[in-house]
Amino acid sequence: MSKNTKSDESPISICDIMKNRTSEIVKKMECQLPLTMQQYSDLYTAYLHSFDDMFGTCYISQKEFFDKLNIPQETLKEFDKYLASLSSSYQNWIDLGSKYRQSYVDTKLSMVKSYDQFVHIAMNSFAQTWAKFNEINNCKS
C-alpha cells in the first residue's frame, strides 16, 4: 500500500475550488425544490380538508340554527355575491403574485445571462491581452 504524498496529488486551482463549492450549494438548493413544492402542496391539501370539514359541519348548524332565523333568500343571494367579489379579488391577488414571481425569475435569469456574456467577453479580452503581452515579451527575448 502506498501512501499519498504531496507529489502524488494533482494540483488544484482557486477557480476549481470556488466553482465546485458554489456548484454544491446551488445543486443542494435545486434538489430541495421538489420537496418544498410537495410540502406546500401538503399544506394546502390540509387547509382544503380542514375547510371542507368545517363547512360540512356548517350544514348541521344551518339546520339547527340558521334555518330557524328565516333569513330571506334575497339576503343570502346578496351575501353570496359579496363573498364572490371577495373571492375574485383574492384570486386576482394570487394571479398577481404569480406574475410577480415569474417576472422576478425572468429578471434574475436575464441578469445571470447578461453577466455570463460579460464574463465571457472579459475573459476573451483578458486572454487576447495576455497573449499579446506574451508575444511582445517573447519578441524582446
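Residues numbered from 1 in each chain as written. Predicted model: local features only at pLDDT ≥ 70, side-chain atom pairs only at ≥ 80, totals over all residues. Heavy atoms only, no water.

Asks: Please clarify how the packing of aromatic side chains should be interpreted in this entry.
Replies: Aromatic ring pairs are defined here through the distance separating the ring centres and the angle between the ring planes. Evaluation of the coordinates by the stated rule reveals seven aromatic pairs. Each ring, one from Y40 and one from Y44, has its centre 6.4 Å from the other, and the planes form 25°; the classification is stacked. Within this pair, Y40 and its partner Y44 are both found in helix α1 (residues 14–69), separated by four residues, close to a single helical turn. Residues Y100 and Y104 carry aromatic rings whose centres are separated by 6.5 Å and whose planes lie at 25° to one another, so their mutual orientation is stacked. (Phe/Tyr/Trp six-rings, centres within 6.5 Å; stacked < 30°, edge-to-face > 60°. Helix = DSSP H or I, 4+ residues; strand = E, 2+ residues; numbered from the N terminus.)

Asks: Is there a simple way to explain the pattern of salt bridges in this structure?
Replies: In a structure, side chains of opposite charge can pair up when their charged atoms sit close to one another. Under the counting rule described, the total for this entry stands at three salt bridges. The partner of E24 in a salt bridge is R21, and the shortest N-O contact between them spans 2.5 Å. Taken as a pair, E24 and R21 lie in helix α1 at a separation of three residues, close to a single helical turn. Given the relative accessible area of 48%, R21 is considered partly exposed. The closest approach of N and O atoms between K81 and E78, which form a salt bridge, is 3.3 Å. Of this pair, K81 and E78 both sit in helix α2 (residues 73–140), three residues apart, which is roughly one turn of the helix. On the basis of relative accessible area, K81 is assigned to the exposed category, the value being 53%. (Salt bridge = Lys/Arg side-chain N within 4 Å of Asp/Glu carboxyl O. Buried < 20%, exposed > 50% of the residue type's maximum accessible area, 1.4 Å probe, protein only.)

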